[in-house]
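Breakdown of the fold
Each chain is listed here by its residues.
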Amino acid sequence: MSLELVPIGTILSVLTNQVLKTAQAATDVLIEKESFKVLSKHLFNIEPVLKELQLQTLNDSQAARQTLEFLEEDVKKANNLVEKYKNRSRFYLLFNCRHIVKEVQEVTRDIGRSLAALSIANTELLTGISDQVNRLQNEMQRVEFEASQSKIKIVDKLNQGINDAILDQGFANDMLEEIAMAVGVPVEPSEISKELENLRKEKEETANRKERAEAFFLEQVIELLSRADAARDFEKVKEQYAQRVQVIERYDTSRECITPLKTFFCPINQTVMVDPVSLCTDTTCERAAIKAWFDRGGRIDPVTGDLLEDFTLRPNLGLRQSIEEWREINYCLKIRSSKEKLLSGEDLSVEAALSQMQDLIRENSINKDWIVIGGLTGIIVSILGSSHNKDVKRNILITLKDVVEGHPRNKEKVVESQGLDHIIPCLGRDSSISKAAVELLYELLQDKSGWNVSICRKLSETGSAILFLATLLKGPVRESAEKAEKILMKLCDEDEENISRAARADWYKPLIDRIIQGSESSSRISMVRTLVNMELVDQNITLLGKEGVIPPLLEMVSGNVESQAASLSAIVKLSGCHENKELIAADGGVTIIVDLIVSPHTRPTIIARCCEVLEKLASDDGIKFLVDENGNQLEIEQIIKKLLAFLQSANSSNIVLRPALRALLGICKSGAMFIKTAVLTANGVSLILPLLDGSDPEIREIAINLLSLFTQHEPEGVVEYLFKPRRLEALVGYLENGDKADVQMAAAGLLANLPKSEVSLTMKLIEVEGLNALISILRSGTMEAKENALTALFRFTEHTNLDSQRKVVELGAYPLLVKFLRVGSVTAKARAAALIGNLSTSSPKLAVVSKPARCSCFRSSRVPLCSAHGGICSVITTFCLLEAGALPFLVNLLHDEINATAYEAIQTLSTLVREDSPHRGARVLHNADAINPILDILNWGQGSLKEEALVLLEKVFTVREMVENYGSVARLRLVDITGRINNEDGHFRRKAARVLALLDRYSGFDTSSLATGLNG
């Protein structure tokens, strides 16, 4: 029907509907959406213009009808274009993206021109929207569309590959994946098969339209993409394999290949052809070979020598199919042969089979499917688990990687064959095997979207995987470590439990990252609890602090109770090393902890954790780290008072008391003077003593340790407490408990601090076998406990109490003291020497001096007299140090040139030289070679030691014989010393002058002037 017969209003109405319909349809095109979207937008914008014309009663003129006719024709073109491409194959649309864009651009401009003509013809009616109409028609006439650059690159790459006859598997896989991703098609065989089938239909329609060039192009594309792994339908692949297996059944099982026919060989390069093409002379050659022939200037048939009139190359599809069938039959023969070699169980045959399988996969990727269909993967997975041959294991891992690479179905097959169970132990083998294993494992975990979550979860279920992978991180092969870390990070992302497993395998990165960066409080707390529950060596504790885990833990301390408890428990665990203590202090952590302790609103369980942190900070380092973030010392006295205040509070449970006491013990061990003041001010001893009567054994033991420290400053009240019923027996029990070395040491230290003047306590201790316990410590206690026990023995060796001295000796202490002179610590040697000195002080009065015999005939029957004491001596009766064999070891202490031990040795040796009869003692020292080391002390000893040496020398040199033996040496030492000593040391100089005067008395040397000068 002519437009002139249709009312113009009806034309406008129909046109408006057509515009809206086309605009809506344009939004559904799947390729080059941007171009069609712009077209759709412009069409929607035309609708108001047409409606405005309807409202204004458009003049029914020839010009108006003609402009509407032009616009209607252009809208129909647009509609036809949309319909043309709306339901086409997505692959086809991609290949034609350039042409499609140009078509959309042209039709958009045509509509713009028609709209401009309509506007001019109806200027008066469109006055109200003239600006809108002008802007719209200008935009449409000037529109420019370009195809997506990424799509153009794909098309260009495809064209280049086809032109260069690149038909290898890798190129086909890459192209198919890029094309599918560009048009939004999943790279799955089922989806790809649908797209290729649609593309074949496009090719048939193109051929029907006699568009030969495009049809040939599509045929080449289909042939190329069909070679890709994802293009294979697995059921067809199995069917094809079954057909080829039927063919090879007629061949002997020992046969591995069929000789190719002569027609399969290229006449130019003499190899079996892959892409045979025919010349106009019907000679068939390999495409690449004949192209190279032409490039070198060849213009004749390479076989017949005839001049070529046409250089067109025609694919010889029949021959290509025959060659492919020959190859596939040979593949099946080799697969059958490989299977037999694998089943032989011989290592050499197995390795030959693996090599053959690798060659098959390199030659054609279809063999990945056929090897699995033929059952070879299950066999080699089983061999991997049972073989002890390193080369076999490595080659199996490499072969499996080739089989599964880029092949999701084969990956699932390997996993179903318990492959993970056999691959994971290989991670712990030597570097060559572990490298192959981790590369295979990494490949198994990959899919097109990135990571195969299903296999990742199965890997997580194998308990040893995390441990082996974490071990690889520390291995020598960097590539293996990198792959292992990627796998571990993915496993940790999938399951928080894997973070814990990795940490237990000494790989803390995910754990630290979650604690530092964790946003969800529950997840963060969970990770902190994992840290708390782990067994950590010092090296790992230091590492965690170095990696930055302490600041977020301190941040969590300000959270809710659950967050506080978890973070404080972690801080307790980490605060055992020096480096972390520094970090906690530098980050203001100590201030946070102390504030929580003193706050009245802090829960007891949190206070307990805070006290545990304080205990760790003070352990071995005292108050060094009890500082704020600026390094300023905190008010330690206030901390001590607060900790002691818990003892006075009726609300303080053992949950708080135990850590509070331990923290107090750690702080007080520093020995700073202001700590003594704090303890005394707070009546620390009186607060601690009642704890010894409590029921909690741990609290009692800590109390003993604290009293050992407190009584160094203030022992008042302790003796009175110990005289209460059963208290002293309890203390002796601690002395006897060798299983708790620190408590035993503290109990001995407590006794050592008590006043020696309390004789009743001394005798009571003997009565309740406290002395026996101390001597037992000397035999089997720790060196620290032995030192305290030695100090406690002083109360039993006072020369005023012969009974207690005798008890010490009777219980076998003397040989132990002598042994300490040889093998004890410096402190133990000094104390042992002093104790022997105490006992030796009593020896002269205990020695039995026999009366002279009247008849010489009875002299031979007399008991030998002690050379030092002139009487009958023994260890038991007179405590004689000569009889105990202590003298040479005391002299050795002088040779050691250690002030502390030499001082006590000098004093003990002095007990042998009595002022009323120095001859015996002096001769004993002479015979023991003790005089020269005593003189040497005048050179190296400190002031108090030198004075003791001079006191002893003053007694020795009252003996003329000693002056004659040592006078000259002694004079030189004394003159040298008196010449060097300052006037401030007058007391020392006067002692030296007195010794010089003794030397002068027997030598005739006049020292009176020197003596006068010193005394003046």
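Residues numbered from 1 in each chain as written. Predicted model: local features only at pLDDT ≥ 70, side-chain atom pairs only at ≥ 80, totals over all residues. Heavy atoms only, no water.

**Quick notes on the overall build of the protein**
- On a plain count of helices and strands, the protein comes out with 55 helices and five strands.
- On C-alpha atoms alone, the protein measures out to a radius of gyration of 52 Å, which is more than a quarter above the 31 Å that the 2.2 N^0.38 rule sets for 1016 residues.
- Each of the three principal axes of the protein carries a C-alpha extent, and together these read 170 × 85 × 60 Å.
- Looking at the protein as a whole, 49% of its 1016 residues are labelled buried.
- Mean positive and mean negative side-chain charge positions of the protein (120 and 138 charges, respectively) differ by 6 Å. (Helix = DSSP H or I, 4+ residues; strand = E, 2+ residues; numbered from the N terminus. Rg over C-alpha atoms; globule rule 2.2 N^0.38 Å. Buried < 20%, exposed > 50% of the residue type's maximum accessible area, 1.4 Å probe, protein only. Lys, Arg positive; Asp, Glu negative; His and termini not counted. Charge placed at Lys NZ, Arg CZ, Asp CG, Glu CD.)

**A look at the sheet that holds strand E3 (residues 314–315)**
- Pairing is antiparallel across the open sheet formed by three strands, whose spatial order is E2-E1-E3. The sheet terminates laterally at strand E2 (284–286) and E3, the two strands that pair on one side only.
- Packing against the sheet, helix H12 (residues 287–295) makes contact with strand E1 (276–278), E2 and E3, and its axis sits at approximately 90° to E2. (Pairing = 2+ DSSP bridges. Contact = heavy atoms within 4.5 Å. Axes fitted to C-alpha atoms, helices over the stretch in contact; angles between N-to-C directions.)

**Looking at the nonpolar core**
- Counting 260 residues, the largest nonpolar core has Leu 342, Ile 667, Ile 688, Leu 925 and Phe 957 as its most contacted members.
- When residues no more than four places from it in sequence are discounted, the contact partners of Leu 342 are Val 350, Ala 353, Leu 354, Met 357, Leu 376, Ile 379, Ile 380 and Ile 383.
- Within the second largest apolar cluster, 66 residues are counted, among which are Leu 12, Phe 91, Ile 154 and Val 221. (Core = buried A, V, L, I, M, F, W, Y, C linked by side-chain atoms within 4.5 Å.)

**Brief notes about helix H41 (residues 759–767)**
- Those residues of H41 lying buried are Leu 761, Thr 762, Leu 765 and Ile 766. Down the axis, H41 shows its buried residues gathered within 140° of arc, on one side only.
- On its buried side, H41 packs onto helix H38 (718–722), helix H39 (727–736), helix H40 (741–753), helix H42 (770–780) and helix H44 (802–810).
- A positive phi of about 65° marks Glu 769, the residue just after H41. (Arc of directions from axis to C-beta.)

**Focus on unusual backbone geometry**
- At Asp 282, a residue that is not glycine, the phi angle is positive and equals roughly 75°.
- Structurally, Asp 282 is set in the loop between E1 and E2.
- Unlike most non-glycine residues, Gln 418 shows phi in positive territory, near 60°.
- Looking at the element boundaries, Gln 418 is found in the loop between helix H18 (408–416) and helix H19 (419–426).
- Look at Gln 418 and you get partly exposed, because its relative accessible area is 46%.

**Considerations on the packing of aromatic side chains**
- All told, the structure shown has five aromatic pairs when counted by the stated rule.
- Between Phe 294 and Phe 311 the ring centres are 5.3 Å apart and the planes differ by 90°, which places this aromatic pair in the edge-to-face class. Placement of Phe 294 in helix H12 and of Phe 311 in the loop between H12 and E3 is noted, with a sequence separation of 17 residues between them.
- We classify Phe 294 as buried; its relative accessible area is 14%.
- Their ring planes at 85° and their centres at 5.5 Å tell us that Tyr 442 and Trp 451 sit as a pair that is edge-to-face. (Phe/Tyr/Trp six-rings, centres within 6.5 Å; stacked < 30°, edge-to-face > 60°.)

**Quick look at the side chain of Ser 563**
- Within the secondary structure, Ser 563 sits in helix H29 (residues 561–574).
- Every residue in contact with Ser 563, bar those within four places of it in the chain, is listed here: Ile 525 and Met 556.

**Quick notes on the pattern of salt bridges**
- A full pass over the atoms with the stated rule returns 46 salt bridges.
- Arg 244 is paired through a salt bridge with Glu 328; the nearest N and O atoms lie 2.8 Å apart. Of this pair, Arg 244 sits in helix H11 (residues 234–248) while Glu 328 sits in helix H13 (residues 317–344); the two residues are 84 residues apart in sequence, bridging distant segments of the chain. This pair shows no difference in class: Arg 244 is buried, exactly as Glu 328 is.
- Between Arg 609 and Glu 612 there is a salt bridge, with the nearest N and O atoms lying 3.2 Å from each other. Note that Arg 609 and Glu 612 are positioned in helix H32 (residues 604–618) at a spacing of three residues, about one turn of the helix.
- Residue Glu 612 is classed as buried on the basis of its relative accessible area, which comes to 18%.
- A single salt-bridge network, built from bridges that share partners, covers Glu 615, Arg 658, Arg 662, Asp 696 and Glu 698. (Salt bridge = Lys/Arg side-chain N within 4 Å of Asp/Glu carboxyl O.)

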